Each structure stands twice: as C-alpha cells, then as structure tokens.
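# Summary of the model geometry
These are the residues of each chain, in order.
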Amino acid sequence: MKKLPQISEAEFEVMKIVWNYAPISTNEITDHLVKTTSWSPKTIQTLIKRLVTKGALTYEKHSRMFVYTPLVSQEEYIGQESSSFLKRFYNGNISAMVSAYLEQDQLSETEIDALRSLLSKDSKKGRT
C-alpha cells in the first residue's frame, strides 16, 4: 500500500466534501463548509492549498475558477487511518479494540448485531 499524506482533522473535513462532490470548485467547497463550520472562506482556501501541497488534491483551472479532484481515495485513506489507529492504541489487535468498546458500553445492541452479521457472513465465505 502506498504511503498517503498526513491529513489534519480540518483538512479531512475538506476532503469529505471533495470526495462527495468532485469535481468541485473552490466556491462550492466553501459554500458547503460555511454551513457546517465556523471557518472563514480564507481559512477554507488555506486548507485546500495545504491539501494540494500534500498531494491529496489536484486541480484544473477553468477560466478564473479552480476545480478540485482527489488524488487519494476515501477508501484508501480511511483504511490507512483505521490501521494506524488499531496499531497505535491496540497493538493491531482488533479483538482488544472491540473488547474495550464492549467493556465501556460504547456499542449499542444494533451495532453488536451488525458485527455478528458481518462476522457470520465472513465465516460463510470460508475465512476464519
């Protein structure tokens, strides 16, 4: 797996918009984020520039407008971050993570049922 850029929490909010709406202009990104954050348009433009510099976004200039597309897929990035979280906090042991969530009552019955269903489907595919 290729090494993906480090993305801050604020930059991740920008990436979520781009992943959902790409190709998307600076103004469209700003319109989405001013509704859900307290950021100024200048702050949003700075975050976009950082993501371009880090290689997470690319852009094309259409007359006076910049249109952005992701260079990193959402699935790749979330996979990398999930793996990093699991290694950092649970030594890569997913059972230890699920146990911690169960012991702290952080999983609802619905979530536990969903996990059971996923594990059942996975074992039926021949994985154990």
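Conventions used here
Residues numbered from 1 in each chain as written. Predicted model: local features only at pLDDT ≥ 70, side-chain atom pairs only at ≥ 80, totals over all residues. Heavy atoms only, no water. Pairing = 2+ DSSP bridges. Helix = DSSP H or I, 4+ residues; strand = E, 2+ residues; numbered from the N terminus. Buried < 20%, exposed > 50% of the residue type's maximum accessible area, 1.4 Å probe, protein only. Phe/Tyr/Trp six-rings, centres within 6.5 Å; stacked < 30°, edge-to-face > 60°. Salt bridge = Lys/Arg side-chain N within 4 Å of Asp/Glu carboxyl O.

### Looking at the pairing of strand E3 (residues 65-70)
- With two bridges joining them, strand E1 (residues 24-25) and E3 adopt antiparallel strand pairing. Its bridge partner lying in E3, Ser25 is registered against Val67.
- Bridge analysis of strand E2 (residues 57-62) against E3 gives six bridges, and the strand direction is antiparallel. Residue pairing for E3: Thr58 is matched across the bridge by Thr69.
- Taken together, E2 and the strand that follows it, E3, pair antiparallel across an intervening segment of two residues, in which Ser63 is found at a positive phi of about 50 degrees.

### Observations regarding unusual backbone geometry
- Going from Ala22 to Pro23, the amide bond is cis rather than trans, its omega being -5 degrees.
- As for its position among the elements, Pro23 is in the loop between helix H1 (9-21) and E1.
- Phi is positive for Ser63, which is not a glycine, with a value near 50 degrees.
- We classify Ser63 as exposed; its relative accessible area is 66%.
- Positive phi, close to 50 degrees, is recorded for Asn91, a residue that is not glycine.
- With respect to the helices and strands, Asn91 occurs in the loop between helix H4 (74-90) and helix H5 (94-103).

### Let's talk about the packing of aromatic side chains
- Scanning the entire structure with this criterion turns up seven aromatic pairs.
- Both rings, one in Tyr59 and one in Tyr68, keep their centres 5.9 Å apart while their planes meet at 55 degrees; by these two values the pair is tilted.
- The partly exposed category is assigned to Tyr59, whose relative accessible area is 41%.
- Under the relative-accessibility criterion, Tyr68 is labelled buried at 7%.
- Site record: aromatic cluster; members linked through ring pairs are Phe12, Trp19 and Tyr77.

### Let's talk about the pattern of salt bridges
- Here the structure, examined in full by the defined rule, presents three salt bridges.
- One salt bridge connects Glu11 with Lys54, and the closest N-O pair in it is separated by 2.7 Å. Highlighted residues: Glu11 in helix H1 and Lys54 in helix H3 (residues 41-54), separated in sequence by 43 residues.
- A salt bridge links Arg116 to Asp113; the shortest N-O distance between them is 3.2 Å. Of this pair, Arg116 and Asp113 both sit in helix H6 (residues 109-124), three residues apart, roughly one helical turn.

Interpretation in functional terms is not warranted from these geometric data alone.
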